[in-house]
Amino acid sequence: LRVCDNDVGDDGAVAFAELLRSDSCLRALSLTNNNIGSRGASALGGALQRNLTLQTLRLSQNFLGAEGGAALCEAAAVNPLIQDFHVRLQDKGLD
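Note that the structure is a prediction, hence the values are computed from the model and not measured.

Asker: Would you take a moment to explain the nonpolar core for this structure?
Answerer: Nonpolar side chains in soluble globular proteins tend to end up buried together. Leu 20, Leu 29, Leu 31, Leu 44, Leu 48, Leu 59 and Leu 72 are the most contacted members of the largest nonpolar core, which has 21 residues in total. Looking at this core, the elements with two or more residues in it are α1 (9–22), α2 (38–48) and α3 (65–78). In terms of residue count, α2 provides more of this core than any other element does, 5 residues in total.

Asker: Sorry if this is basic, but what is going on with the pattern of salt bridges here?
Answerer: Counting across every chain of the model gives 3 salt bridges. Notably, a salt bridge pairs Glu 18 with Arg 21, separated by 3.1 Å at the nearest N-O pair. One end of the pair is Glu 18 and the other is Arg 21, both in helix α1 and 3 residues apart, which spans about a single turn. Judged by its relative accessible area of 37%, Arg 21 is partly exposed. Between Arg 58 and Asp 84 there is a salt bridge, and its shortest N-O distance comes to 3.1 Å. Taken together, the residues span a long stretch of sequence, with Arg 58 in strand β2 (residues 56–58) and Asp 84 in strand β3 (residues 84–86) at a distance of 26 residues.

Asker: Honestly, the packing of α2 against α3 in this entry has me stumped. Any pointers?
Answerer: Describing two packed helices takes the angle between their axes plus the distance from one axis to the other. Interhelical geometry of α2 versus α3 gives an angle of 15 degrees and a closest axis separation of 7 Å. Looking at the two axes, α2 sits roughly parallel to α3. Here the hand of the crossing between α2 and α3 comes out left-handed. Only Glu 67, Gly 68, Ala 71, Leu 72 and Ala 75 of α3 make contact with α2, whose side of the interface consists of Ser 38, Ala 41, Ser 42, Leu 44, Gly 45 and Leu 48. Partitioned by chemical class, the residues of the contact of α2 with α3 number 6 nonpolar, 4 polar and 1 charged.

Asker: Would you mind going over α3 with me for this structure?
Answerer: Every α-helix carries 3.6 residues per turn, so stepping three or four residues along brings you back to the same face. Along its 14 residues, α3 runs 20 Å from first to last C-alpha, staying within 8% of the 20 Å computed at 1.5 Å per residue. Every buried residue of α3 is listed here: Gly 65, Gly 68, Gly 69, Ala 71, Leu 72 and Ala 75. Buried residues along α3 cover an arc of 160 degrees about the axis, so they all sit on one side. Turned more than 90 degrees away from the buried face of α3 sit Ala 66, Glu 67, Cys 73, Ala 77 and Val 78, all of them exposed. Next to the buried residues of α3 lie α2, β2 and β3.

Asker: Just checking my understanding: could you explain the sheet that holds strand β1 (residues 28–30) for this structure?
Answerer: Within a sheet, each strand pairs with its neighbour through backbone hydrogen bonds, oriented either parallel or antiparallel. With parallel pairing, the 3 strands of this open sheet are ordered in space as β1-β2-β3. Bordering the open sheet on either side are β1 and β3, each of which pairs with just one other strand. Averaged over neighbouring strand pairs, the angle between their axes works out to 5 degrees when direction is ignored. Bridge count for β2 against β3 is 3 bridges, and the pairing is parallel. From the neighbouring strand, Leu 57 faces β3, where its bridge partner is Phe 85.

Calculation criteria
- Residues numbered from 1 in each chain as written.
- Predicted model: local features only at pLDDT ≥ 70, side-chain atom pairs only at ≥ 80, totals over all residues.
- Heavy atoms only, no water.
- Core = buried A, V, L, I, M, F, W, Y, C linked by side-chain atoms within 4.5 Å.
- Buried < 20%, exposed > 50% of the residue type's maximum accessible area, 1.4 Å probe, protein only.
- Helix = DSSP H or I, 4+ residues; strand = E, 2+ residues; numbered from the N terminus.
- Salt bridge = Lys/Arg side-chain N within 4 Å of Asp/Glu carboxyl O.
- Axes fitted to C-alpha atoms, helices over the stretch in contact; angles between N-to-C directions.
- Parallel < 35°, antiparallel > 145°, perpendicular 65-115°, else oblique.
- Left-handed = near helix turned anticlockwise from the far one by under 90°.
- Contact = heavy atoms within 4.5 Å.
- Nonpolar A, V, L, I, M, F, W, Y, C, P; charged D, E, K, R; others polar.
- Expected span 1.5 Å × (residues − 1).
- Arc of directions from axis to C-beta.
- Pairing = 2+ DSSP bridges.

Structure representation (structure tokens):
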């Protein structure tokens, strides 16, 4: 599912996190350049720790912040299914 450049923000990311908690067939999600901040990234990270199908997540060009970035890294570390994870370190809020 590719939802790039749509300004979904934190509220949209939280909604996608709810989808990831319940979805059993979504294998790829791209939310590049959507003005997602720390709250949204943290919600996605929490959902990814429980998701059993997602293999690709793209979140570049967002404002993930240190807390959101840490939540995503934790999820990637405990979820062996995530094989393709894109978050650029130069994104605002991660340096």
